[in-house]
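What follows is each chain in one-letter form.
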Amino acid sequence: MNLGFLVSHNGSNMQAIIDACKSGKLSAIPIVAISNNKDSGALQRATSECMAVFHINSKTEGSEESADRKIAQVLSSYNVDIVILAGYMRKIGSEILKKFPNRVINIHPALLPKFGGQGMYGHNVHAAVLSAGEKETGVTIHLVNEEYDKGRILSQASVPVLSNDTCESLSKRVLELEHKLYPETIADIVNNKIKLQT
Ligand code: GRF
């Protein structure tokens, strides 16, 4: 299976998936990375891994709709089987969802349906978990649809929230789990243990 990534920042989750492909734990090819942010660490990582790399956003294409169309075209031209959002900070447009029905997946750093929705990203999520006094939090991998964080849940795993946790300590614990759960879930998809089609 060919994997296409949409990324905005550091790209540590993308890297964990690439590493799983390289070690043979995941039988798939990381083929292309697209970012709205040309200075992202993620694009540097993808370049180092000899993947095809594209910088596409509403400014490069003139509008959100054209960017959506262009991203869908690029993913199709690389015969991408699964579109992986890994820290991608833009909403996915309808063209991508139409071209890749039940084939776009995302990682969220909390146990959805809790702590999801618009504005719930990065430290906002962990701050909300801490201020709600949760005893555990975790990671969710889910299908992407038109609504933020509302697609079918494919896998989840949890970590404890400790009494002395800060946003930083909690996000570090969650990110370590993300790096494990994302490649494992994609491997389950590739091996047909998780079925994307409903
Ligand atoms: C992760 O916490 C992920 O859950 C969220 O954005 C962050 C991306 O981190 N969607 P990275 O760019 O993979 O390092």
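Structure first, text after, so check above.
Report on the accompanying structure. (Residues numbered from 1 in each chain as written. Predicted model: local features only at pLDDT ≥ 70, side-chain atom pairs only at ≥ 80, totals over all residues. Heavy atoms only, no water.)

### Some details on the packing of helix α6 (residues 122–131) against helix α7 (residues 167–190)
Helix-helix packing is characterised by the crossing angle of the two axes and by the distance between the axes. Formally: What counts as an axis is a line fitted to C-alpha atoms, over the stretch in contact for a helix, and the angles between N-to-C directions run from 0 to 180 degrees. Runs of H or I in DSSP of at least four residues are treated as helices and runs of E of at least two as strands, each being numbered from the N terminus. Convention used here: angles under 35 degrees read as roughly parallel, angles over 145 as roughly antiparallel, angles from 65 to 115 as roughly perpendicular, and any remaining angle as oblique. For any pair of crossing helices, the crossing counts as left-handed if the nearer helix is rotated counterclockwise from the farther one by less than a right angle, and right-handed if it is rotated clockwise. Pairs of residues are marked as contacts when any of their non-hydrogen atoms sit within 4.5 Å. Charged means Asp, Glu, Lys or Arg here, nonpolar means Ala, Val, Leu, Ile, Met, Phe, Trp, Tyr, Cys or Pro, and polar covers whatever is left, Gly included.
Here α6 crosses α7 at 110°, and the two axes come no closer than 9 Å. Between α6 and α7, the angle is such that the two are roughly perpendicular. Here the hand of the crossing between α6 and α7 comes out right-handed. Across from His 123, His 126, Ala 127, Val 129 and Leu 130 in α6, the residues of α7 making contact are Cys 167, Glu 168, Leu 170, Ser 171 and Val 174. For the contact of α6 with α7, the class distribution of residues is six nonpolar, three polar and one charged.

### So, the site of the ligand
Cut-off, in case you're wondering: Note on terminology: near, applied to a residue and a molecule or strand, indicates that one of the residue's heavy atoms is within 4 Å of it. N or O atoms closer than or at 3.5 Å make up a polar contact, with two conditions inside protein: a donor-capable atom paired with an acceptor-capable one, and, for residues adjacent in sequence, both atoms drawn from side chains. Per-residue and other accessible areas follow the Shrake-Rupley method at a 1.4 Å probe size, with only the shown protein chains counted as cover for residues.
Every residue close to the ligand is listed here: Asn 10, Gly 11, Ser 12, Asn 13, Gly 87, Ile 107, Pro 109 and Glu 178. The separation between an oxygen atom of the ligand and a polar main-chain atom of Asn 10 is 3.5 Å. Take Gly 11: an N or O atom from its main chain is 2.8 Å from an oxygen atom of the ligand. When the ligand is considered free in solution it has 370 Å² of accessible area, and contact with the protein chains removes 81% of it. Here the residues of the shell around the ligand sort into two nonpolar, five polar and one charged.

### Observations concerning the pairing of strand β2 (residues 29–35)
Worth spelling out the cut-off: Type-normalised accessible area, obtained with a 1.4 Å probe on protein chains alone, sets the label of each residue: buried when under 20%, exposed when over 50%, and partly exposed for intermediate values. Pairing between two strands is assigned when DSSP locates at least 2 bridges connecting them. Here the term right-handed applies to a crossover when the path leading from its first strand over the helix to its second strand runs clockwise, the strands being oriented away from the viewer.
Burial analysis of β2 places five of its seven residues in the buried class, which makes it a mostly covered element. Where strand β1 (residues 2–7) and β2 come together, six bridges link them in parallel fashion. Its bridge partner being in β2, Val 7 is matched across the sheet by Ser 35. Read from β1 through helix α1 (residues 12–23) to β2, the crossover connection turns out right-handed. Two elements, β2 and strand β3 (residues 52–55), share four bridges in a ladder whose sense is parallel.

### As for the pattern of salt bridges
For clarity, the threshold we go by: Salt bridge, as used here, is a side-chain nitrogen of Lys or Arg placed within 4 Å of a carboxyl oxygen of Asp or Glu.
Summed over the entire model, instances satisfying the criterion amount to nine salt bridges. Across the pair Glu 49 and Lys 22 runs a salt bridge whose closest N-O atoms are separated by 2.8 Å. With Glu 49 in the loop between α2 (41–48) and β3 and Lys 22 in helix α1, this pair connects stretches of sequence that are 27 residues apart. Among the ionic pairs, Glu 176 bridges to Lys 172, the shortest N-O distance being 3.7 Å. Taken as a pair, Glu 176 and Lys 172 lie in helix α7 at a separation of four residues, close to a single helical turn.

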